[in-house]
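# Structural characterization, general
Letter by letter, the chains look like this.
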Amino acid sequence: MKKLLVLAASAALLLASCASTDVKSSKFKADDPKVNTGKTELMEWQGSELGGAVPQWVIELANGNFGEKALARVMPDIEGKKTFVTIGYGDNLEFVRQWTDLVDVETEVASTLSRVAAKAVEASMNGAAAKEGAKQANATKVEQSMNMYRTSLSSVRFSGLEKTAQFWTLSHKVKGKEEVEAPKYAYYAVWTIDQKLFDQQLAAAMKNVNETSTEEKALKDMVRQKLASQLSVASNDTSTTATADDFVVFAE
């Protein structure tokens, strides 16, 4: 029992503190909270009854470190593969397990890539316009380009995905001795696909994207590279997907 209590305390500290992980490996981090609403305490996790520890890859994701290279360092088996992550949150373990494990992952992947591509196109076009002295790019042209990428990517089902790992935790927020947020389950699943197979399917998905000009070809190459080399995340929590999307969109 003493050993279990020590493990529990250590795991709670790891999940509660971003400073304890290798987050410094990426400059893209979640925004710091503006109000002190309490600290997160880990209550239970997969295998805790047997004294098991929380894997480092879960800690990375729990702390919002969605860099593919950072995840590969603590999950050597995924190196050289295209990786996707699904994360479910809720007050019922079976619900989040089903959402994360039984989700139509091919559809979620296509939806995530479609969303990220559109955001990358918008950021790139507005950035190019700013360099030329404009406040932002032509809104109509931006929307047309975003829709073109959305349509091309959302209509494709990516096959060959396999689940590599899954893990769940139960945590709550406390302030002093008072619970300020009810217990919440988080369920993480990591999916991988052979990189060459993914690249082939991605190329097929982007065939309908126009690249008649030099600028459009450069934009398409940039989007393809980001989608092929960066971690993509699907979640039932919009703040999680927004943070993960920023890693992809603004990664160098």
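Residues numbered from 1 in each chain as written. Predicted model: local features only at pLDDT ≥ 70, side-chain atom pairs only at ≥ 80, totals over all residues. Heavy atoms only, no water.

## Regarding the side chain of Ser145
As a reminder of what qualifies: By the criteria applied, helices consist of DSSP H or I runs no shorter than four residues and strands consist of E runs no shorter than two, each listed in order from the N terminus. Whether two residues touch is decided by their heavy atoms; if any such pair falls within 4.5 Å, the residues are in contact.
Here Ser145 lies in helix α6 (residues 139–154). Apart from residues lying up to four places away in sequence, Ser145 is in contact with Val121 and Met125.

## A closer look at the pairing of strand β4 (residues 178–194)
Sheet faces and side chains relate simply in a regular strand, where the side chains alternate between the two faces. For clarity, the threshold we go by: Only strands that DSSP links by at least two bridges are regarded as paired with each other.
Inspection of the sheet shows strand β2 (residues 81–90) paired to β4 by ten bridges, in the antiparallel sense. By the bridge assignment for β4, Ile87 is matched with Tyr188. Counting the residues that bridge the hairpin from strand β3 (residues 162–175) to β4 gives two residues, and of these Gly176 lies at a positive phi of roughly 70 degrees.

## Structural notes on the packing of aromatic side chains
To describe a pair of aromatic rings, one takes the distance between the centres and the angle between the planes. Stated formally: Geometry of aromatic contacts follows a simple scheme: Phe, Tyr and Trp rings, the Trp one being its six-membered ring, pair when their centres are within 6.5 Å, and the pair is stacked under 30 degrees between planes, edge-to-face over 60, tilted otherwise. Our definition puts a charge over a ring when NZ of Lys or CZ of Arg is within 6 Å of the ring centre and also within 35 degrees of the ring normal.
Per the counting criterion, the structure on display carries four aromatic pairs. Taking 5.8 Å as the distance between ring centres and 65 degrees as the angle between the ring planes, the aromatic pair formed by Phe84 and Phe198 counts as edge-to-face. Remark: Phe198 occurs in helix α7 (residues 195–205) and Phe84 occurs in strand β2; sequence separation between them is 114 residues. The rings of Phe84, Phe158 and Phe198 are connected pair by pair, giving a single aromatic cluster. In this structure, Lys82 packs its charged tip against the face of Phe84, placed 5.3 Å from the ring centre.

Shape is all these values report; function is a separate question.
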